[in-house]
Amino acid sequence: MTGTFTRDDLVARLVRAGELEVSGEDPDEAASYFDTENFRFHGPDGFESGFDGLSDYFAAVREAFEDRSIRRGLIVVEGDHVACQTWMEGTFVRVFTQSPAGPTPPNGKRVVFDMMNIFRFDDRGRLVDEWVRTDNRSLLRQLAVGAD
């Protein structure tokens, strides 16, 4: 386990970090859950980013989707790693600039991002790595990319 953080501590920190990123309510508190200098995001199709890129992604989600929510489930903790399924959803009302297909116009529908995540924490309870796998085909279908 990382430092003095228990399994429940790490899960609570992960849940809160996700809630803050999705809501955008307190960027300073959100940043406190990350090692902002060393954080690495490892995404689908070899996409790599740091903390600033992750923050930009969530800003694009907040801009494009209303009535957003995030849920975590199937949580497994092993040492400093936490694996879980994540569902992030919202109503697609403005252009989504971070779509896997590039800027995508809204369709007014409810969209669910269904992801599998693995996170790594440092000994101070801060997130230092995140690996994400998602079904981009399902996401693009929900965004109505390529639909007539």
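Up top is the structure these notes are about.
Participant: I would appreciate a short explanation of the overall build of the protein chain in the present structure.
Facilitator: If you tally the helices and strands in the protein chain, you get 4 helices and 6 strands. In the protein chain, the succession of helices and strands from N to C terminus is α-α-β-β-α-β-β-β-β-α. The C-alpha radius of gyration computed for the protein chain amounts to 15 Å, which stays within 12% of the reference 15 Å derived for 148 residues, consistent with globular compactness. Across its three principal directions, the C-alpha atoms of the protein chain cover 55 × 25 × 25 Å. Of all 148 residues assigned to the protein chain, the portion counted as buried reaches 42%. Summarising the internal contacts of the protein chain: among those between residues at least 6 apart in sequence, 58% fall at separations of at least 24.

Participant: Just checking my understanding: could you explain the packing of aromatic side chains for this structure?
Facilitator: Two descriptors summarise a pair of aromatic rings, namely the distance from one centre to the other and the angle between the planes of the rings. For the structure on display, the rule yields 9 aromatic pairs. Summarising the aromatic geometry, the rings of Y57 and F96 are spaced 6.2 Å apart at their centres and angled 65° between planes, so their arrangement reads as edge-to-face. In this pair, Y57 sits in helix α3 (residues 51-64) while F96 sits in the loop between β4 (81-92) and β5 (110-121), placing the two residues 39 residues apart along the sequence. A ring pair is formed by F65 and F92, whose centres lie 5.0 Å apart and whose planes are at 25°; its orientation type is stacked. Of this pair, F65 sits in strand β3 (residues 65-78) while F92 sits in strand β4; the two residues are 27 residues apart in sequence, bridging distant segments of the chain. Of the two residues, F65 and F92, neither departs from the other in class, the shared state being buried. Here the aromatic cluster, defined as three or more aromatic residues joined through ring pairs, consists of Y57, F58, F65, F92, F96 and F113.

Participant: Teacher, can you tell me more about the side chain of N117 here?
Facilitator: Here N117 lies in strand β5. Take N117: its relative accessible area is 4%, and that puts it in the buried class. Of note is the side chain of N117, whose polar atom sits 3.0 Å from the side chain of E130. Ignoring any residue separated from it by four or fewer positions in sequence, one finds N117 in contact with R72, V82, A83, C84, Q85, T86, E130, W131 and V132.

Participant: Just checking my understanding: could you explain the environment of A144 for this structure?
Facilitator: Relative to the assigned elements, A144 resides in the segment after α4 (136-142). Considered as a pair, A144 and A83 are 61 residues apart in the sequence and their alpha carbons are 30 Å apart.

Participant: Please clarify how the nonpolar core should be interpreted in this entry.
Facilitator: A general feature of soluble globular proteins is that nonpolar side chains tend to end up buried together. In this structure, F34, F65, F96, F113 and L127 are the most contacted members of the largest nonpolar core, which totals 35 residues. For this core, the secondary-structure elements that each account for two or more residues are α1 (7-23), α3, β3, β4, β5 and β6 (127-134). In this structure, F34 is in contact with A17, E21, F39, F51, L54, R126 and L127, ignoring residues within four places of it in sequence.

Participant: Would you mind showing me how to read the sheet that holds β4 here?
Facilitator: Whenever strands of a sheet pair, they do so through backbone hydrogen bonds, lying parallel or antiparallel. With mixed pairing, the 6 strands of this open sheet are ordered in space as β2-β1-β6-β5-β4-β3. Each of the sheet's edge strands pairs with one partner strand only, and the pair in question is β2 (48-49) and β3. As defined by bridge partners, β3 adjoins β4 across 10 bridges and the pair is classed as antiparallel. Bridge pairing links E78 to H81 in β4. Strands in contact with α1 are β3, β4, β5 and β6; relative to β3, the strand with the most contacts, it is inclined by about 160°. Sitting on the sheet, α3 is in contact with β1 (40-42), β2, β3, β4, β5 and β6, with an inclination near 135° to β3.

What counts and what doesn't
- Residues numbered from 1 in each chain as written.
- Predicted model: local features only at pLDDT ≥ 70, side-chain atom pairs only at ≥ 80, totals over all residues.
- Heavy atoms only, no water.
- Helix = DSSP H or I, 4+ residues; strand = E, 2+ residues; numbered from the N terminus.
- Rg over C-alpha atoms; globule rule 2.2 N^0.38 Å.
- Buried < 20%, exposed > 50% of the residue type's maximum accessible area, 1.4 Å probe, protein only.
- Contact = heavy atoms within 4.5 Å.
- Phe/Tyr/Trp six-rings, centres within 6.5 Å; stacked < 30°, edge-to-face > 60°.
- Polar contact = N/O pair within 3.5 Å; in protein donor to acceptor, adjacent residues only side chain to side chain.
- Core = buried A, V, L, I, M, F, W, Y, C linked by side-chain atoms within 4.5 Å.
- Pairing = 2+ DSSP bridges.
- Axes fitted to C-alpha atoms, helices over the stretch in contact; angles between N-to-C directions.

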